[in-house]
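# Geometric and topological summary
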Amino acid sequence: MKNAVIGNNKQKANLIVLGAVPRLLYLLQQETSSTELKTECAVVLGSLAMGTENNVKSLLDCHIIPALLQGLLSPDLKFIEACLRCLRTIFTSPVTPEELLYTDATVIPHLMVLLSRSRYTQEYICQIFSHCCKGPDHQTILFNHGAVQNIAHLLTSASYKVRMQALKCFSVLAFENPQVSMTLVNVLVDGELLPQIFVKMLQRDKPIEMQLTSAKCLTYMCRAGAIRTDDNCIVLKLDHDLKHAHELRQAAFKLYASLGANDEDIRKKIIETENMMDRIVTGLSESSVKVRLAAVRCLHSLSRSVQQLRTSFQDHAVWKPLMKVLQNAPDEVLVVASSMLCNLLLEFSPSKEPILESGAVELLCGLTQSENPALRVNGIWALMNMAFQAEQKIKADILRSLSTEQLFRLLSDSDLNVLMKTLGLLRNLLSTRPHIDKIMSTHGKQIMQAVTLILEGEHNTEVKEQTLCILANIADGTTAKELIMTNDDILQKIKYYMGHSHVKLQLAAMFCISNLIWNEEEGSQERQDKLRDMGIVDILHKLSQSPDSNLCDKAKTALQQYLA
């Protein structure tokens, strides 16, 4: 059985379904079973627990914990170690309630006794303690049963695993606990005070995990007032050189930004790490520009997650410090901060409303006037997101703050990204009929001029496609479509693009025509007649034979409007 289940989750699940667990537990608890048999049973159970969370639930349902705790009373060390290894695996699973360790009051004192038996009992028991110590009640129980004295000497163990698990124990015992912290300060291990041992574990030649955990211990002791903030061990090691501390924070934020850049699960893990969001948000107001930049980069990376934008970013009101950063920051910080603001302004983001209320429109319109093309792009991109499915009032605010002069300046920007995002903004502004008609009634003349210029200019396919899509939106207006119908120059351009070699442009031009000839709308007959006279129907017949199925379908649908 043992060999069959090792590393094979399917086999583990099969054995559990076949009822192996109650049988193994029965053999484990039988007085007539040999110690070798009991040990083998504990090993197989431990292997089953290494599988999925459902496996652990099945084991818990069979009351495995009391059976294994009973096994710890055996005189045989190998059997005790097998039971502890299995208990360690079960207690470190997220589905196991920590309280199960504290139900029987005799368990903790017995575990303290077993700490002296072997390096394995030390490693497993410390691991169980560090996972099951959640909150002041658990800290008190462990503290009262001599956890500090029993675990302290393990920090000098020859085994790295034992040292590491002991260190983790101290970090959970000292967390927000002045009583434990005050005791730790005076504990001697081989003639050396505990804080000094923690400081040694901070040295750069030690593994990162050890450095971080010992830093945690010292930090918790410092917060509890057990170590003074100006104590040498704190000043020299944690903040000996502020520049070094800044470099470390900067590096940490950069690392998290890279880790979270393309993986949703990793982003979730980063955000769910205790106090992580608070630390990153605090980083936004750091005195060091480099740390601020790295913190913004980190948040920008995390803001790629739709779920986090809806939850954590709202819970921590990330937009508030971000807006502060945007008020007064060097360009390099502004570029990343404004890029992140684009994400916070997506239509599903709950931060969108408060950002709008805090004066973001003026701020973003200001960015569009920057000499830095990246800032112009982000300013206009954020406005584009803001305008998507927005109310008429927001659209009017954008147009007023941006001014038509600036909008048309951006439409002739030398940077292609700026031009594309400005077209995107215009397309979002010109959506939903009442909005289209309202905007075109006040800015129609200038918009039609801009559209003409772009369609005549030397622009790539994407730019022309976006421009034709804007025309299609205008053609969807009730009164706005007349601005197209009375402009022969524009109609000729639409006709030209219907016969273009690029399918994308043909499709976009087709949308314009479909919106102009749609039967159910007032004046459709006159529009159809005018377009027929221009030769549009002949082109539609040609396109209905197109090898491109999409184009062919759209042409047939348009022709049906003539037949209806």
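The rules behind the values
- Residues numbered from 1 in each chain as written.
- Predicted model: local features only at pLDDT ≥ 70, side-chain atom pairs only at ≥ 80, totals over all residues.
- Heavy atoms only, no water.
- Helix = DSSP H or I, 4+ residues; strand = E, 2+ residues; numbered from the N terminus.
- Rg over C-alpha atoms; globule rule 2.2 N^0.38 Å.
- Buried < 20%, exposed > 50% of the residue type's maximum accessible area, 1.4 Å probe, protein only.
- Contact = heavy atoms within 4.5 Å.
- Salt bridge = Lys/Arg side-chain N within 4 Å of Asp/Glu carboxyl O.
- Axes fitted to C-alpha atoms, helices over the stretch in contact; angles between N-to-C directions.
- Parallel < 35°, antiparallel > 145°, perpendicular 65-115°, else oblique.
- Left-handed = near helix turned anticlockwise from the far one by under 90°.
- 1 Å grid on protein atoms, 1.4 Å probe; cavity = no way out; pocket = protein on both sides within 12 Å on 5 of 7 lines; lining within 4 Å.
- Points joined across faces, edges and corners; volume = space filled by probe spheres on them.
- Nonpolar A, V, L, I, M, F, W, Y, C, P; charged D, E, K, R; others polar.
- Phe/Tyr/Trp six-rings, centres within 6.5 Å; stacked < 30°, edge-to-face > 60°.

### Some remarks on the overall build of the protein
Scanning the protein from terminus to terminus reveals 38 helices and 2 strands. Its C-alpha atoms give the protein a radius of gyration of 34 Å, clearly above 24 Å, the size a compact globule of 564 residues would have. For the protein, the spread of C-alpha atoms along the three principal axes comes to 105 × 60 × 35 Å. Residues counted as buried form 52% of the 564 residues belonging to the protein. A sequence separation of at least 24 residues applies to 64% of the contacts in the protein between residues at least 6 apart.

### Some details on the environment of Val281
Along the polypeptide, Val281 turns up in helix H19 (residues 276–283). Separated by 14 residues in the primary sequence, Val281 and Ala295 place their C-alpha atoms 7.3 Å from one another.

### Regarding the pattern of salt bridges
Note on pairing: side chains with opposite charge can pair once their charged atoms come close. In total, this model carries 21 salt bridges according to the counting rule given. As a salt-bridge pair, Asp476 and Arg433 come within 3.1 Å of each other at their nearest N and O atoms. Of the two residues, Asp476 is situated in the loop between helix H32 (461–475) and helix H33 (482–485) and Arg433 in helix H31 (residues 433–456); the sequence distance between them amounts to 43 residues. For Asp476, a relative accessible area of 26% gives the class partly exposed. Here Glu456 makes a salt bridge to Lys493, at a shortest N to O gap of 2.9 Å.

### Section: the side chain of Thr467
Structurally, Thr467 is set in helix H32. Owing to a relative accessible area of 1%, Thr467 belongs among the buried residues under this scheme. Not counting chain neighbours up to four residues away, the residues in contact with Thr467 comprise Leu423, Val451, Ile454 and Leu455.

### Section: the packing of helix H4 (residues 35–49) against helix H7 (residues 77–91)
The contact between H4 and H7 brings their axes to 9 Å, and the two run at 15°. As summarised for this structure, H4 and H7 are arranged roughly parallel, according to the angle between their axes. Between H4 and H7 the crossing geometry is left-handed. Residues Thr35, Lys38, Thr39, Ala42, Val43, Leu45, Gly46 and Ala49 of H4 form the contact with H7, whose participating residues are Lys78, Phe79, Ala82, Cys83, Arg85, Cys86, Thr89 and Ile90.

### Section: the layout of surface pockets
Counted as a void, the second largest pocket has a volume near 250 Å³. Secondary-structure elements contributing two or more residues to the lining of the second largest pocket are helix H6 (64–71) and helix H8 (107–114). Considering every element that reaches the lining of the second largest pocket, the biggest residue donor is H6, with 4 residues. In terms of residue class, the lining of the second largest pocket is made up of 7 nonpolar, 4 polar and 1 charged.

### Considering the packing of H8 against helix H9 (residues 119–132)
Helix-helix packing is characterised by the crossing angle of the two axes and by the distance between the axes. In the contact formed by H8 and H9, the axes pass within 9 Å of each other and the chain directions differ by 145°. Both H8 and H9 take part in a crossing whose hand is left-handed. Contacts between H8 and H9 pair Ile108, Leu111, Met112 and Leu114 from the former with Thr121, Ile125 and Phe129 from the latter. Counted by class, the contact of H8 with H9 contains 6 nonpolar, 1 polar and no charged residues.

### A short note on the packing of aromatic side chains
Taken as a whole and judged by the stated rule, the model has 4 aromatic pairs. An angle of 70° between the planes, with centres 5.1 Å apart, marks the rings of Phe175 and Tyr220 as edge-to-face. One end of the pair, Phe175, is in the loop between helix H12 (160–174) and helix H13 (178–185); the other, Tyr220, is in helix H15 (residues 208–223), and 45 residues separate them in sequence. Ring centres 4.8 Å apart and planes at 75° place the aromatic pair Tyr496 and Tyr497 in the edge-to-face group.

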